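Analysis of the macromolecular model
Spelled out from the first residue to the last, the chains are:
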Amino acid sequence: MLSTHPQLDELYDRVKAHVPPVEWAVMSPLIEKIWRLKTERKAVILAHNYQTPEIYYGVADFTGDSLALAQQAAQSQAEVIVMAGVHFMAETTKLLNPKATVLIPDARAGCSLAESITGADVRRLRQQYPGVPVVTYVNTSAEVKAESDICCTSGNALKVVESLGVDRVLFIPDQYLAANVARETRVEILTYAGSCMVHEQFTPQDLREIRSLHPGVKLVAHPECPPEVVDEADMSGSTAGMVEYLKRERPAKVALITECSMSDNLMSQFPETEFVRPCNMCPYMKRITLEKIARSLETLTVPVEIDPALAQRARRSVERMLQVGRQKGK
Ligand code: 13P
Ligand code: SF4
């Protein structure tokens, strides 16, 4: 689809595999509106790798996995930060950049992991396992982070666990990420019954079928998948780890065992790679749309506010994680 804006034409080339011309006719004025609003509001948009291509390529100033977005949030000088991601990511942004106005375009963009556990649950676990440090996946509320010793993401979970120098940790709330980390360390990992509704759906049989239907395919699984799924894969890593793997290995054929937009976004960056696409959609990530981002910038909604005393405790867990950094290859 042609437009008078050369940047828009370039952009359409990147997204046209996923956006038919009739939809582009609706999206492109919204994209231009968001560009204008970002300048007016001195705003930036952080977008997770699971956002749709028109957001990822069209309006985001920075894209990445949960760890990269947290690092970016901490550094940003913008007055307004729009989180094109889910609510816990917006909360993490607010914790790390309390002076900025942090907006989530749809407050219902939750997460099955974040919803699986409360602060009271963590306090109960601490009573059950006195003295055992609590390592909490960032996919949790600020309230849960406030009850924790340190956070982690899928890009640094092993490094965070080993940084504590203890024999035993409580690793919450993702039972599968916990089980995958447990296989790589001598630290005893106690966990909780949370799971990601996107990644728990993949089965080892799915991966075996992909291999038999697509000879030579490389399988890359997110560590929120059950360990028996990760066992069938050639590599496991965070969404940023997946990008690194593609850059490094340049596989002829790949299947990313994760959320659907991951392959959609990477297809145009890696045109020589064939993407087999056995994906599951995250309904929470998909609550964020161009319309809602535009409205969010226009009306400065929905602002993320965290009680200052709680924020201080939650921030400590996230900052402690950032000091540990990313583990190699993840
Ligand atoms: P990462 O991008 O950190 O791998 O996280 C995946 C995810 O499920 C975020 O919600
Ligand atoms: Fe939560 Fe899973 Fe969706 Fe990520 S993909 S936001 S972990 S439900």
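Before any of the text, the structure's been laid out above.
Residues numbered from 1 in each chain as written. Chains lettered and ligands numbered in written order. Predicted model: local features only at pLDDT ≥ 70, side-chain atom pairs only at ≥ 80, totals over all residues. Heavy atoms only, no water.

Looking at the side chain of Asp264
For clarity, the threshold we go by: Secondary structure elements are defined from DSSP: runs of H or I of at least 4 residues count as helices, runs of E of at least 2 residues count as strands, and each element is numbered from the N terminus. For each residue, the accessible area found with a 1.4 Å probe, counting protein chains only, is set against the maximum for its type, and the residue is called buried under 20%, exposed over 50%, and partly exposed in between. We call two residues in contact whenever any of their non-hydrogen atoms come within 4.5 Å of each other.
Position of Asp264 among the secondary structure elements: in helix 13 (residues 260–267). Classification of Asp264 by relative accessible area gives buried; the value is 12%. Dropping the residues within four chain positions of it, Asp264 is found in contact with His18, Pro53 and Arg277.

Some words on the pairing of strand 1 (residues 43–48)
Here is the rule we go by: Any two strands with at least two DSSP-identified bridges between them are counted as paired.
Counting buried residues along strand 1, five of its six residues qualify, which places the element largely inside the surrounding structure. Where strand 1 and strand 3 (residues 80–84) come together, five bridges link them in parallel fashion. Note that in strand 3 the partner of Val44 across the bridge is Ile81.

A word on the sheet that holds strand 2 (residues 62–64)
Our working rule: Each axis is a line fitted through C-alpha atoms, taken for helices only over the stretch in contact, and angles between the N-to-C directions span 0 to 180 degrees.
Strand order in this open sheet of four strands is 2-1-3-4, and the pairing throughout is parallel. Looking at strand neighbours, the two that pair on one side only are strand 2 and strand 4 (101–103), the edges of this open sheet. Between one strand and the next, the sheet's axes are offset by a mean angle of 20 degrees, whatever the strand orientation. As paired elements, strand 1 and strand 2 share three bridges and run parallel to each other. Bridge pairing in strand 2 links Leu46 to Phe62.

Comments concerning the packing of aromatic side chains
We apply this condition: Two aromatic rings, drawn from Phe, Tyr or Trp (for Trp, its six-membered ring), form a pair once their centres lie within 6.5 Å of each other, and the interplanar angle then sorts them: stacked below 30 degrees, edge-to-face above 60, tilted otherwise.
Throughout the structure, instances matching the rule amount to two aromatic pairs. Considering the side-chain rings of Tyr12 and Trp24, the 4.9 Å spacing of their centres and the 35 degrees angle between planes classify their relative orientation as tilted. In this pair, Tyr12 sits in helix 1 (residues 6–15) while Trp24 sits in helix 2 (residues 21–41), placing the two residues 12 residues apart along the sequence.

Comments concerning the state of the cysteines
Linking two cysteines covalently via their sulfur atoms produces the bond known as a disulfide. In plain terms, the rule: Counting rule for disulfides: a pair of cysteine sulfur atoms within 2.5 Å.
One pass over the full model with this rule turns up one disulfide. Covalent S-S linkage joins Cys260 and Cys279, the inter-sulfur distance amounting to 2.2 Å. Taking the torsion about the sulfur-sulfur bond, which here is approximately 90 degrees, the covalent link between Cys260 and Cys279 counts as right-handed. With a gap of 19 residues between them, Cys260 in helix 13 and Cys279 in the loop between strand 12 (274–276) and helix 14 (290–299) connect regions that are remote in the sequence. The partly exposed category is assigned to Cys279, whose relative accessible area is 29%. Take Cys225: it sits in no disulfide, and the sulfur closest to it among the cysteines is that of Cys196, at 8.0 Å. For Cys225, a relative accessible area of 0% gives the class buried.

Focus: the site of ligand 1
So the rule is basically this: Neighbouring residues are identified by heavy atoms, a residue being near a molecule or strand if any of them is within 4 Å of it. Whenever a nitrogen or oxygen atom comes within 3.5 Å of another N or O atom, the pair is scored as a polar contact, on the condition that within protein one atom can donate a hydrogen and the other can accept it, and that pairs from neighbouring residues in sequence are kept only if both atoms are in side chains. Each accessible area value is a Shrake-Rupley result obtained with a 1.4 Å probe; residue values ignore everything except the protein chains displayed when judging cover. Here the nonpolar group is Ala, Val, Leu, Ile, Met, Phe, Trp, Tyr, Cys and Pro; Asp, Glu, Lys and Arg are the charged ones; every other residue, Gly included, is treated as polar.
Near ligand 1 the following residues occur: His48, Tyr50, Asp65, Ser66, Met89, Asn139, Ser154, His222, Glu224, Ser238, Thr239 and Met285. Between ligand 1 and Ser154, the relevant distance is 2.9 Å, taken from an oxygen atom to a side-chain nitrogen or oxygen of the residue. Side-chain polar atom of His222 to an oxygen atom of ligand 1: 2.7 Å apart, as the coordinates give it. A total of 300 Å² of accessible area belongs to ligand 1 in isolation, and the protein chains cover 96% of it. Its residues assigned to classes, the shell around ligand 1 comprises three nonpolar, seven polar and two charged.

As for the site of ligand 2
With respect to spatial proximity, the complete set of residues near ligand 2 consists of Tyr50, Val86, Cys111, Ser112, Leu113, Asn139, Cys196, Met197, Val198, Glu224 and Cys282. Partitioned by chemical class, the residues of the shell around ligand 2 number eight nonpolar, two polar and one charged.

Quick look at the pattern of salt bridges
Note the cut-off: We define a salt bridge as a contact between a side-chain nitrogen of Lys or Arg and a carboxyl oxygen of Asp or Glu at a distance within 4 Å.
Under the definition given, this model contains 20 salt bridges. Glu244 serves as the salt-bridge partner of Lys247, at 3.7 Å between the closest nitrogen and oxygen. Taken together, the positions of Lys247 and Glu244, both in helix 12 (residues 239–249) and three residues apart, correspond to about one turn of that helix. With a relative accessible area of 43%, Lys247 lands in the partly exposed category. Here Arg277 makes a salt bridge to Asp264, at a shortest N to O gap of 1.8 Å. In this pair, Arg277 sits in the loop between strand 12 and helix 14 while Asp264 sits in helix 13, placing the two residues 13 residues apart along the sequence. Connected through salt bridges with shared partners, the residues Asp106, Arg108, Arg287 and Lys292 form a single ionic network.

Here we look at helix 4 (residues 66–75)
For an α-helix, the turn length of 3.6 residues means that residues three or four places apart are oriented alike. Within the span of helix 4, buried status applies to Ser66, Leu67, Ala68, Leu69, Ala70 and Ala73. For helix 4, the elements touching its buried residues are strand 1, strand 2, strand 3, helix 5 (87–96) and helix 15 (308–324).

Topic: the pairing of strand 5 (residues 134–137)
Where burial is concerned, the two faces of strand 5 agree: the one with Val134 and Thr136 and the one with Val135 and Tyr137 are both buried. By the bridge criterion, three bridges tie strand 5 to strand 6 (residues 150–152) in an arrangement that is parallel. Bridge pairing in strand 6 links Thr136 to Cys151.

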